[in-house]
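Structural characterization, general
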Amino acid sequence: MATTTLDVQHAGGAVDHGHGHGDSGHGPTSTGIDSKKLLMWWFLGSDGVLFGALIATFMIYRNRAQDLSVGETVAGLVTTGGPFPNEILDQLFTAVSAGVLLFSSFTMVLAVASIGRGNIKAFRVWTIATAMLGGIFLAGQYFEYTEFFHEGLSLQQNIFGASFFVLTGVHGLHVFAGVLWLLGLSLTSFRGGISKKDHTNVEVAGLYWHFIDIVWIVLFTLVYLLPYRDGAHDPEHVDGAMRLVQAIPFF
Amino acid sequence: MSAMHVESQAEDAAHDHPSDKVYFTMLGILAVFTVVELLIFYAIESVVLRILILATFLVIKFVAQVGWFTHLRYDDRRLTWVFGGCFFIALAVMAATVVMMAFDGFHVGIQYD
């Protein structure tokens, strides 16, 4: 580290912490952190706030459809009854999807490590593998949405459908953008446009991809695994534990 | 670039980035957690217990993913503050939304008729 630090300090008065990666084609920054990387972290932070708002909305409405009578209006939607979450969510199928996305995070870190070592061939393999796993996740989401539509759940059907499709749909759009980004990187590498000096560009794409997986880790638990009320909600027939949980606004 | 410089950079990389073995171990841990989460969903009747365990698992998986796969624990500390700060704001947005809706009796404050 000593040699690197001294070099950079002499060049620009800034300290490279080993992650500024002076090989990104730009000079040292005043912060010592690569600008692209810093910008991506700011973007991910702000994107996290967007998902925070969407998740809060979903958590508020996740049990509302079960509480409403047919024809009642909430948030401008006239509710038309079910299907309700307990009737349609398939946790086993979604766990497999979550596993696919988790594995794609692993292939992504291997892609970043490969480009760091200058192994372009391995980089291509892992990047394409990551994009393919992202594609499998999207195919699973398409299958799930199609099943739900056949069951009668849509954006307009009830407040659960509206909040569910918006939340998971925004995440799906993020995955789609990530797949396009990774395919673009692969294509560029086949044209000879990627080398070890582009490590930061690949690392930034990797950060975005891991963020997508992080959001899905949260959504998998909050949307699919936490308990829902049954469709025909009757306060008189709720067990003690569920009554306690329902005292918390989310549930 | 001197041989010593190259050697120094290689040492940096070894210190700053975990090995493939570490990534593989993290993948295994996260996969096991996901399977256990699913088992908890089907096996544990108590709603309160299920929520507590799932919330704990969620935090562990979140920290593991952010810390290791995004390299944040090996990276400049200021990046942790950037992400942590934004995460705090996200939690504040969630809390504010819930409180507002709670005071409104969970009804959206727009009169349609």
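Numbers given for residues are sequential positions, taken from 1 along each chain in its written order. Each chain gets a letter, beginning with A, and each ligand a number, beginning with 1, in the order they are written. Where totals are concerned, whole chains, interfaces and linings use all residues; where local detail is concerned, this predicted model gives features only for residues with pLDDT of at least 70, and gives and counts side-chain atom pairs only at 80 or more.

**Concerning the overall build of chain B**
Where we set the bar: Where helices and strands are cited, they refer to DSSP runs of H or I of at least four residues and of E of at least two residues respectively, numbered from the N terminus. Residues with at least 20 neighbouring C-beta atoms inside 10 Å of their own are called buried, those with 12 or fewer are called exposed, and the rest are partly exposed, where every C-beta is derived from the backbone.
Each helix and strand counted, chain B has 4 helices and 0 strands in total. For chain B, the α and β elements follow one another from N to C terminus as α-α-α-α. Out of the 113 residues in chain B, the part that is buried amounts to 21%.

**So, the overall build of chain A**
This is how it is decided: A pair of residues counts as a contact when their C-beta atoms, built from backbone coordinates, are within 7 Å of each other.
From N to C terminus, chain A includes 9 helices and 2 strands. The order of helices and strands in chain A, counted from the N terminus, is α-α-α-β-β-α-α-α-α-α-α. By residue count, 42% of the 251 residues in chain A fall in the buried class. Taking all contacts inside chain A whose residues are at least 6 apart in sequence as the whole, residues at least 24 apart take part in 69%.

**Some points on the nonpolar core**
As a reminder, the rule being used: Only buried residues count toward a nonpolar core: Ala, Val, Leu, Ile, Met, Phe, Trp, Tyr and Cys, linked into one set through C-beta atoms within 7 Å.
Core analysis: the biggest nonpolar cluster contains 71 residues, and Ile55(A), Phe58(A), Val109(A), Ala111(A), Trp216(A) and Phe220(A) have the highest contact counts within it. When residues of this core are traced back to their parent elements, those giving at least two are α2 (35-61), α5 (91-117), α6 (120-151), α7 (159-190) and α8 (199-225) of chain A together with α2 (20-43), α3 (47-69) and α4 (77-103) of chain B. Of the residues forming this core, the biggest block, 16 residues, is contributed by α8(A). For Ala111(A), the residues in contact, after removing those within four places along its chain, are Phe123(A), Trp126(A), Thr127(A), Thr130(A), Val202(A) and Gly206(A).

**Examining the confidence of the model for chain B**
Interpretation of the predicted coordinates at a detailed level should be avoided for regions scoring low in pLDDT. All names here are of chain B. The criterion, for reference: pLDDT expresses, on a scale from 0 to 100, how confident the predictor is about each individual residue.
A residue-level look at chain B finds 74% of positions with pLDDT of 70 or above and a mean pLDDT of 78. Looking across chain B, the model is least confident in helix α1 (residues 3-16), with a mean pLDDT of 44, and most confident in α2, with 91. Residue range residues 1-15 is modelled with pLDDT below 50. Its contacts to residues more than four positions away, or to other chains, number 12 contacts. Here residues 108-113 is a poorly scored stretch, pLDDT under 50, and it has 4 contacts once near neighbours within four places are set aside; other chains count. Here the predicted complex carries an ipTM of 0.78, next to a pTM of 0.80.

**So, the packing of α5(A) against α2(B)**
The condition is simple: Angles here are taken between N-to-C directions and fall from 0 to 180 degrees, while the axes themselves are lines fitted to C-alpha atoms, restricted in helices to the stretch in contact. Comment on the angle field: the value is read as roughly parallel under 35 degrees, roughly antiparallel over 145, roughly perpendicular from 65 to 115, and oblique elsewhere. Each residue receives one of three labels: charged for Asp, Glu, Lys and Arg, nonpolar for Ala, Val, Leu, Ile, Met, Phe, Trp, Tyr, Cys and Pro, and polar for the others, Gly being one of them.
Contact geometry of α5(A) with α2(B) gives a least axis separation of 10 Å together with a crossing angle of 170°. Considering the angle they form, α5(A) stands roughly antiparallel to α2(B). Contacts from Gln91(A), Leu92(A), Ala95(A), Ala98(A), Gly99(A), Leu102(A), Phe103(A), Phe106(A), Val109(A), Leu110(A) and Ala113(A) of α5(A) reach α2(B) at Asp20(B), Tyr23(B), Leu27(B), Leu30(B), Ala31(B), Thr34(B), Leu38(B) and Phe41(B). Split by residue class, the contact of α5(A) with α2(B) holds 15 nonpolar, 3 polar and 1 charged.

**A short note on the packing of α7(A) against α8(A)**
The angle between the axes and the distance between the axes are what describe a pair of packed helices. All names here are of chain A. Selection criterion: Each crossing gets its handedness from the near helix: less than a right angle anticlockwise from the far helix is left-handed, clockwise is right-handed.
Here α7 crosses α8 at 155°, and the two axes come no closer than 10 Å. When the interaxial angle is binned, α7 and α8 end up roughly antiparallel. For the element pair α7 and α8, the recorded crossing hand is left-handed. Seen from α7, the contacting residues are Phe164, Leu167, Thr168, His171, His174, Val175, Gly178, Trp181, Leu182 and Leu185; seen from α8, they are Val202, Ala205, Tyr208, Trp209, Ile212, Val215, Trp216, Leu219 and Val223. Taken together, the residues of the contact of α7 with α8 sort by class into 15 nonpolar, 4 polar and no charged.

**Focus: unusual backbone geometry**
A positive phi angle is found at His71(B), which is not glycine, with a value near 70°. Tracing the backbone shows His71(B) in the loop between α3 and α4.

**A look at the environment of Thr57(A)**
Along the chain, Thr57(A) falls in helix α2. Residue Thr57(A) is classed as buried on the basis of its 20 C-beta neighbours within 10 Å. Residue contacts for Thr57(A): discarding those within four places in its chain leaves Ser163(A) and Thr97(B).

**Points about α5(A)**
Basically, it comes down to this: By definition here, a helix of n residues has an expected span of 1.5 Å times n minus one.
Across its 27 residues, α5(A) extends 39 Å between first and last C-alpha, which sits within 8% of the 39 Å expected from 1.5 Å per residue. With its phi angle positive at about 80°, Gly118(A) sits one or two positions after the end of α5(A).

**Observations regarding the environment of Arg78(B)**
Among the secondary structure elements, Arg78(B) is positioned in helix α4. For the pair Arg78(B) and Tyr42(B), spaced 36 residues apart in the sequence, the C-alpha separation amounts to 41 Å.

**Some details on the environment of Ala98(A)**
By the element assignment, Ala98(A) lies in helix α5. For Ala98(A), a count of 27 C-beta atoms within 10 Å puts it in the buried group. Separated by 115 residues in sequence, Ala98(A) and Asp213(A) have C-alpha atoms that sit 8.2 Å apart. Residues contacting Ala98(A), with those up to four places away along its chain left out, are Trp216(A), Phe220(A) and Thr34(B).

**Considerations on the confidence of the model for chain A**
All names here are of chain A. On average, residues of chain A score 81 in pLDDT, and 75% of them are at 70 or above. Looking across chain A, the model is least confident in helix α1 (residues 2-12), with a mean pLDDT of 40, and most confident in α6, with 96. Across residues 1-24 the pLDDT falls below 50, and counting only partners more than four positions away or on other chains, this stretch makes 55 contacts in the model.

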